[in-house]
Amino acid sequence: TTPFISGDGGMCIEQSYDGNLRAITIRNKDTDAAAATSLAFSLNRSGGDYDFVSGEIKSVKEQSWTTTDTTIDSAMVFSTTENNTLTERLRITSAGKVGVNTTTALNAGVMSLYGADAGEGTAKGQLELKDNAAYDATPTGGIIFSGHHTAGSQAIFAGIRGFKANTGDGDYDGCLAFDVRKHGAIAYEAMRIDEDGQVGIGTDNPAAKLHLNDDSG
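Residues numbered from 1 in each chain as written. Predicted model: local features only at pLDDT ≥ 70, side-chain atom pairs only at ≥ 80, totals over all residues. Heavy atoms only, no water.

J.: So what's going on with the overall build of the protein chain? Residues and values would help.
T.: For the protein chain, the count of helices and strands is 0 helices and 16 strands. For 217 residues, the compact-globule formula gives about 17 Å, and the C-alpha radius of gyration of the protein chain, at 26 Å, lies well above that figure. Each principal axis of the C-alpha distribution contributes one length, and for the protein chain these read about 75 × 55 × 40 Å. Here the protein chain, with 217 residues, has 16% of them falling under the buried criterion. Residue pairs at least 24 apart in sequence account for 12% of intrachain contacts in the protein chain once pairs closer than 6 positions are excluded. If you sum the accessible surface of the protein chain, you get close to 16,100 Å²; carbon and sulfur atoms cover 51% of it. (Helix = DSSP H or I, 4+ residues; strand = E, 2+ residues; numbered from the N terminus. Rg over C-alpha atoms; globule rule 2.2 N^0.38 Å. Buried < 20%, exposed > 50% of the residue type's maximum accessible area, 1.4 Å probe, protein only. Contact = heavy atoms within 4.5 Å. Areas by Shrake-Rupley, 256 points an atom, 1.4 Å probe, with all protein chains shown as cover.)

Below you can see the structure in the form of structure tokens.
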């Protein structure tokens with residue numbers, strides 16, 4: 001069918017197509033290494049008809065493009081506006097690496113986070129993990145480590161969890177647990193640091209600064 005544009009408080013581009021419909025293509029024909037294409041978002045403010053860019057999604061070259069395929073690399077850049085200044089906040093490189101608030105040193109892992117350490121006490125950092133469980137259901141924030149255990153199949157190997165140590169209303173005692181796994185079984189807690197800083201290995205209820213429990217007999 002023939003594509004058409006209709007408006008009902010906005011714009012719709014519609015076409016019947018069996019496959020991926022590339023409805024809009026934004027092209028910059030300049031061959032310069034700094035050439036980019038972008039989609040900008042604009043909002044107005046009170047006190048007059050002033051148009052402000054509120055955000056931007058941009059596709060950029062990572063180097064000069066030539067007739068060699070290995071030079072055709074691009075990144076996606078996401079920007080927001082703060083104090084009337086458009087600032088890059090997130091970048092996805094051609095290699096699939098993600099940088100949040102940084103465009104450099106994106107070779108040390110899949111994701112790099114750059115920002116001031118936020119939090120309280122000594123519990124500070126750039127990444128916060130939250131559970132949506134209720135206060136009386138042991139809300140837990142955690143990291144899971146997994147990978148291939150055979151061709152085409154993956155499994156969880158270990159984990160680290162930070163969680164509320166009780167079900168009391170308004171009580172935010174927190175513990176840290178380290179989980180491991182034996183083949184043929186599910187992951188289990190191998191070590192815990194409780195809200196008093198006591199360490200339990202083989203027990204989830206340490207009774208001393210270091211509590212070792214061997215239940216193997």
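J.: Break down the sheet that holds strand E4 (residues 51-61) for me, citing the residues and quoting the values.
T.: Strand order in the open sheet made by the 6 strands is E3-E4-E5-E6-E7-E8, with mixed pairing throughout. The strands lining the two open edges of the sheet, one partner per strand, are strand E3 (36-44) and strand E8 (111-113). The mean inter-strand angle of the sheet, taken between neighbouring strand axes irrespective of direction, is 20°. Strand direction decides the pairing type here: strand E7 (residues 98-100) and E8, joined by 3 bridges, are parallel. Paired with Val 98 across the strands is Met 111, a residue of E8. (Pairing = 2+ DSSP bridges. Axes fitted to C-alpha atoms, helices over the stretch in contact; angles between N-to-C directions.)

J.: Let's hear about the pairing of strand E11 (residues 140-150): which residues, and what values?
T.: For a regular strand, the rule is simple: side chains alternate between the two faces of the sheet. Both E11 and strand E12 (residues 153-164) contribute to a ladder of 10 bridges, which runs antiparallel. Note on E12: the bridge partner recorded for Ile 144 is Gly 159. Where E11 folds back onto E12 in an antiparallel hairpin, the turn is made up of 2 residues, including Gly 152, whose phi is positive at roughly 85°.

J.: Explain the sheet that holds strand E14 (residues 188-193) to me, and be specific about the residues and the numbers.
T.: Across the sheet, 6 strands lie side by side as E11-E12-E13-E14-E15-E16; this open sheet has mixed pairing. Edge strands, defined here as strands with exactly one partner in the open sheet, are E11 and strand E16 (210-212). Between one strand axis and the next, the sheet turns by 20° as a mean value, whatever way the strands run. Note: strand E13 (residues 174-180) against E14, 5 bridges, orientation antiparallel. Pairing of Ala 177 across the sheet is with Arg 192, part of E14.

J.: Give me the lowdown on the side chain of Asp 179, citing residues and values where you can.
T.: Turning to its location among the elements, Asp 179 is positioned in strand E13. Side chain to side chain, Asp 179 and Arg 161 meet in a polar contact 2.6 Å long. Every residue in contact with Asp 179, bar those within four places of it in the chain, is listed here: Ala 158, Gly 159, Arg 161, Tyr 188, Glu 189 and Ala 190. (Polar contact = N/O pair within 3.5 Å; in protein donor to acceptor, adjacent residues only side chain to side chain.)

J.: So, the side chain of Thr 203: which residues are in play, and what are the values?
T.: One can find Thr 203 in the loop between strand E15 (199-201) and E16. Of note is the side chain of Thr 203, whose polar atom sits 3.1 Å from the backbone nitrogen of Asn 205. Setting aside anything within four residues of it in sequence, one finds Thr 203 in contact with Glu 189, Arg 192, His 211 and Asn 213.

J.: Pulling in residues and values, what's your account of the pattern of salt bridges?
T.: Evaluation of the coordinates by the stated rule reveals 7 salt bridges. Across the salt bridge formed by Arg 89 and Glu 82, the nearest N and O atoms sit 3.0 Å from each other. Among the residues examined, Arg 89 registers a relative accessible area of 26% and is labelled partly exposed. Judged by its relative accessible area of 47%, Glu 82 falls in the partly exposed class. A salt bridge links Glu 88 to Arg 91, with the shortest nitrogen-to-oxygen separation between them at 2.8 Å. For Glu 88, a relative accessible area of 25% puts it in the partly exposed group. Because the salt bridges share partners, they merge into one network encompassing Arg 161, Asp 179, Glu 189 and Arg 192. (Salt bridge = Lys/Arg side-chain N within 4 Å of Asp/Glu carboxyl O.)

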